[in-house]
Amino acid sequence: MKFTELPTPCFLLDENKLIQNLAVLRDVAQRSGAKILLAQKAFSMFSVYPLIAEYLDGTTASGLFEARLGKEHFGKETHVFSPAYTEQEFGELLQYADHIVFNSFSQWKAYGNYARIAGKSCGLRINPECSTQDPDHAMYDPCGPTSRLGVTLENFQPEMLNGIDGFHFHTLCEQNSDALVRTVAAFESKFGAYMEGMKWLNLGGGHHITRDDYDVEKLVSLIIYLRRKYNVEVYLEPGEAVVLGAGYLVGTVLEIVHNHAHIAILDTSAACHMPDVLEVPYRPPVFRSGQPNEKAFTYLLTGRTCLAGDIIGEYSFDNRLLVGDQVVFGDMALYTMVKTNTFNGMPLPNIAIRRVSGTDEVVRAFGYEDFKNRLS
Ligand SMILES: Cc1ncc(COP(=O)(O)O)c(C=O)c1O
């Protein structure tokens, strides 16, 4: 039986699971008094922004385009942080963003006046220099040595804080609330003295709040502690947690070849449709599969680009894979649709929703023009 009757490759968002995640996040917001924003860098499927907006307080953006998308399709609060703004974009950005976070005092000096005159709430990204991540994931650690993200204590200029309403830090990646507790302690010991008079504190993303083992109570009490101690609004801006486990990427087996292994060539691709598999790297979950040799038939699942390394991973199945079978990758809503590319002229996967009612519906299909329009 096919997982979906829709044409593949296809991202399929599970509306039911999305709503479950949103309910958890809304509960955290209600009990802690925090405001929760969707980090669009992880998930920008704007057709479901009206649904997400019923639960969350707004969006956060990495620059002009995400800020515009958030303002136009989500509404509510629009926040933006970029390591460096450009003069060309800043004027337009003022049309969309409510909160603007600067990464350095020189950026604040260059653009702060424009933002203040336009009535924006301005903040500064801080680097508490507190690494809490697995050393294997150095690429995702904004507190690592030589990080360009956020002002370190050494570079902090308290005399420049006039007009700054809040601090922002983002240091976590797929972590639990114990890591946030440690980060807050480091933040307070280095920058707590400057919280006097601030209106808000943004704790960034990387909080895996909707994961089963996440300690929600610890998060709620930490937020309550911060709100009371500093009399500030507290923001969280998770991306992954909003859509954790809420999407699939469905591919179809196009061909099977043999070379020291059974190799299935799919109509999807690690390089084009799930680049994090190669970049992080990680092994995505595949429905009804096991580790290599755990089940009777083991295959290397691969993409159909020319890249020899376009390999998703080795998986075993109870039955032989046949041309035409669907292969379903799990947890494919986050950092996937936003990162696809058309290398090799690969078609982009359709974007679809599995409605609460169980029906699957394509909300966006792509074609040749989408490939061509990125080139000239
Ligand atoms: C500044 C900022 N906020 C929020 C996020 C969202 O993080 P996540 O999707 O891990 O929750 C990121 C991710 O890189 C980020 O850089």
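Because the structure is predicted, anything quoted here is derived from the model rather than measured. (Residues numbered from 1 in each chain as written. Predicted model: local features only at pLDDT ≥ 70, side-chain atom pairs only at ≥ 80, totals over all residues. Heavy atoms only, no water.)

**Quick notes on the site of the ligand**
How we decide: Nearness is judged by heavy atoms alone; a residue qualifies as near a molecule or strand once a single heavy atom is within 4 Å of it. Side-chain atoms alone can form a polar contact between residues adjacent in sequence; in general such a contact is a pair of N or O atoms within 3.5 Å, and within protein one must be able to donate a hydrogen while the other accepts it. The method behind every accessible area is Shrake-Rupley, applied with a 1.4 Å probe, and residues are considered shielded solely by the protein chains displayed. Residue polarity is assigned by list, with Asp, Glu, Lys and Arg as charged and Ala, Val, Leu, Ile, Met, Phe, Trp, Tyr, Cys and Pro as nonpolar; anything else, Gly included, falls into the polar class.
Residues in close proximity to the ligand total 13 residues, the closest being Lys41, Gly206, Glu237, Gly239 and Tyr335. Here an oxygen atom of the ligand and a side-chain polar atom of histidine 170 are 3.5 Å apart. Within the backbone of glycine 206, an N or O atom sits 2.8 Å from an oxygen atom of the ligand. Protein burial of the ligand: of its 390 Å² of free accessible surface, 87% is covered by the chains. Looking at the shell around the ligand residue by residue, the class counts come to four nonpolar, five polar and four charged.

**Things to note about helix α5 (residues 105–117)**
What counts is decided by this rule: Here a helix means four or more residues in a row that DSSP labels H or I, a strand means two or more in a row labelled E, and each is numbered from the N terminus. Take the residue count of a helix, subtract one, and multiply by 1.5 Å to get its expected span. We define the bend at each residue as the angle formed by axes fitted to the 7 residues ending at it and the 7 residues starting at it. Each residue gets one of three labels from its accessible area relative to the maximum for its type: buried under 20%, exposed over 50%, partly exposed in between, using a 1.4 Å probe on protein chains only. Any two residues whose heavy atoms approach within 4.5 Å at even a single point are treated as in contact.
The end-to-end C-alpha distance of α5, which contains 13 residues, comes to 18 Å, matching closely the 18 Å that a straight helix rising 1.5 Å per residue would cover. In the structure, α5 departs most strongly from a straight axis at tyrosine 111, where the bend amounts to approximately 55°. Burial in α5 covers these residues: Phe105, Gln107, Trp108, Tyr111, Gly112 and Ala115. On the buried face of α5, the contacting elements are α4 (87–96), β5 (99–102) and β6 (121–125). Where α5 terminates, the next one or two residues include glycine 119, which has phi positive at roughly 80°.

**Describing helix α6 (residues 177–191)**
Counted at 1.5 Å a residue, the expected span for α6 with its 15 residues is 21 Å, and the 20 Å between its end C-alpha atoms agrees. Of all the positions in α6, only Ser177, Ala179, Leu180, Thr183, Val184, Ala186, Phe187, Glu188 and Phe191 are classed as buried. For α6, the elements touching its buried residues are β7 (166–168), β8 (200–202) and α7 (216–230).

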